Amino acid sequence: MVNRLSESKSLYLRKHAENPIDWWPWCDEALETARLANKPIFLSIGYSSCHWCTVMEGEAFSDPGIAQYMNQNFLPIKVDREERPEIDSIYMQALQMMTGQGGWPLNIFLTPDERIPFYGGTYFPLEPRYGRPGFLEVLQAIRRFYDLEKTKLQAFKDEIMTHLQQATLLPISELTEDLLQKGLEANTGVVSRNEYGGPRFPMIPYADMALRRIRFNIEDQYDAKQACTQRGLDLALGGIYDHVAGGFHRYTVDPTWTVPHFEKMLYDNGQIVEYLANLWSAGIQKPAFKRSIQGTVAWLKREMTAPEGYFYASQDADNFTSSNESEPEEGAFYVWHNSELEQFLTPEEYAVLQEQFTITKAGNFEGKNVLQRTNSDELSNIIESALAKLFKVRYGELPETVKTFAPARNNQEAKTHHWLGRIPPVTDTKMIVAWNSLMISGLATAARVLGDVEYLELATKATQFILKNQWIDGRLHRVNYEGQPDVVAQSEDYALFIKALIDLYQASLTVTTDFVQSDYWLEQAKKVQEEFNNLLWSVELGGYFNTAKDMGEDLLIRERSYIDNATPAANGVAISNLVRLFLLTENLELLDLAEPGLTAFSSVMQKSPQACPSLFTALDWYRNNTLVRTSLEQISALSVQYFPATIFKADHTLPNDIIGLVCQGLKCNKPAQSSEEMLQQLQASQSRS
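Cut-offs used in this document
- Residues numbered from 1 in each chain as written.
- Predicted model: local features only at pLDDT ≥ 70, side-chain atom pairs only at ≥ 80, totals over all residues.
- Heavy atoms only, no water.
- Buried < 20%, exposed > 50% of the residue type's maximum accessible area, 1.4 Å probe, protein only.
- Helix = DSSP H or I, 4+ residues; strand = E, 2+ residues; numbered from the N terminus.
- Pairing = 2+ DSSP bridges.
- Phe/Tyr/Trp six-rings, centres within 6.5 Å; stacked < 30°, edge-to-face > 60°.
- Lys NZ or Arg CZ within 6 Å of the ring centre and 35° of its normal.
- Right-handed = clockwise from strand over helix to strand, strands pointing away.

Novice: Please clarify how the pairing of strand β2 (residues 41-46) should be interpreted in this entry.
Specialist: The two faces of a sheet get side chains in turn, since along a regular strand they alternate between them. Counting buried residues in β2 gives 6 out of 6 residues, a clear majority hidden from the surface. The alternating pattern of β2 places I41, L43 and I45 on one face and F42, S44 and G46 on the opposite face, and all of these are buried. Examined bridge by bridge, β2 and strand β3 (residues 75-80) share 6 bridges and lie parallel to one another. Across the sheet, the residue bridging to F42 is P76, located in β3.

Novice: Teacher, can you tell me more about the packing of aromatic side chains here?
Specialist: The way to describe two aromatic rings as a pair is by their centre distance and the angle between their planes. With the rule as written, the count across this model stands at 32 aromatic pairs. Where F333 meets Y334, the ring centres are 5.3 Å apart and the plane angle is 90°; that geometry is what we call edge-to-face. Side by side, F333 and Y334 carry an identical accessibility label, which is buried. Ring pairs connect the aromatic residues W23, F42, F61, F74, F109, Y119, F124 and F135, which therefore count as one cluster. Sitting over the face of the ring of W104, R81 holds its NZ or CZ atom 4.0 Å from the ring centroid. When the ring centre of Y146 is taken as reference, the NZ or CZ atom of K150 above it lies at 4.0 Å.

Novice: Explain the pairing of strand β17 (residues 626-630) here, please?
Specialist: Among the 5 residues that make up β17, 5 are buried, leaving the element largely enclosed by the rest of the structure. Every second residue of β17 is oriented toward a common face, with T626, V628 and T630 on one face and L627 and R629 on the other, all of them buried. Tracing the backbone out of β17, into helix α25 (residues 632-638) and back to the parallel element strand β18 (residues 646-650) gives a crossover that is right-handed. In the sheet, β17 pairs with strand β19 (residues 660-664) via 4 bridges, with the strands oriented antiparallel. Along β19, the bridge assignment pairs V628 with V662.

Take a look at the structure:
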């Protein structure tokens, strides 16, 4: 017996199709049914690779007693946050107001008429444990409260709505002269401080802001270069990186970067590739950085690239260890018993691996070993040979043989396919424009810095797929399922895709490609920016709404994303794009939007600079933007260096005695007559504010 989710395109929703709970997708019919029946809505939001979402699906959501009570007393709705981030954002904000914390699964109860949240939490166990009540107990208490405490319910609704509405109406402050320095210091501090325990996340928007700081002569308590280098080492050496087969996990559950939460998300990997490439261009050139970029691209090609050229969304944290299991096991694909290492490796390989990785008989994760490196040097041939043998255990063949590895698209495929090695985690094969864009930017930056044409070719194919397939009736769409576009795009899709197009334009000036001319990417960026401005720019408030006016009728509020999380906030990226496109096109209308965009969020930047590093990246572009017009030969020499507020443009019209022009906003320096003079002007321009 299946429920309404069985026909869903979303892998996450389909995972709940056999639950006895009478799930609805988020739709007008579900909302109207709840209103007419006066049933509180139980809204549950998650995503396919979420470990605790998987646990709750197998426990509480599969329990007949829970289902019977739920179906009688609530209208249950399931949402895939990767499809509908605007719904997730509103109710996650509400949950954080209620409890002081958030996370997934996001389980929240809404009034049926106005869809206002009045109680929520994350993981609810089937039976009381972990200091949490059992889920049936929670459901019964919520229903009693809804039926009997109408005065308290109304007061709570009013309080929540007041907070949500206030969050959309930000006061206007000043873009003061010291604001950029304030943001640089605060966000470098976020990356520098390691005194607390608990999980470690990549936090690339913060690390990127800290890296921008190294070009300024700022004296305070933080060493930006050291902090950025350490973040790169934590990522490239830690257990968060898959040293056997490439790709980064989402985060580590400990403060030593050792044991990851094992899911691999495309958005993390794209950002980390870009960050490590930027470290390399800044002269911080650890061999481990290049190896982890190369390994991540190899993983991307092998496991995460569709035949059509786009990139898949994620891989689960859990996998089956045999076809007879009913539930998958966390991290089993990636970890090693000490006895396995001794079995598969020669004594010499085992000894050398043990010297340079954290390997013990007791292990560091439930009696098994997560591999973590102890230094950033080149790995010896014997270690690479040992890691290749471990790759063969996982995949059934050596790395040079496995060019592509077909994904397990669901649990049934994972358990029934004949795998040569271990049973792999399930891969969510949907295409998300925003996440593909982050990877395109990462590949383009790595191609430019490391001179690898293959990286640019991968980025080009993914971009061409989006341009050819994701517009319906002149409107960009966010996701693609098996060749079918779906879900109207949101601000993060537009902002990150425009950034990717600009990054491709920059890389194509210096890295040979047979696909398209660099000017093509610039023309596409201009077209997408025009659509973005027309649909989502807020004339009254400044900045970009998350959703267009015609798509948000079922939402409590209309948000403008400005706080960075695992991915950069749409408005920070979008305002940076406005400045970059202005430099390339000389279209003053774009620059005219950048200042009110920044001003719209100025109070947040003043009061909570550590919450919005991507807005400070945009402020850096606004204050220090630099355009270099010169020859392709000069661009090739300069673009491998770290100039984070600079755009390069090929200019074949310069007189013979002029090397290039360095321009700052609306004015240019005197024409440079030598490479040395142009470099001096460029360096001075990068830190003038």
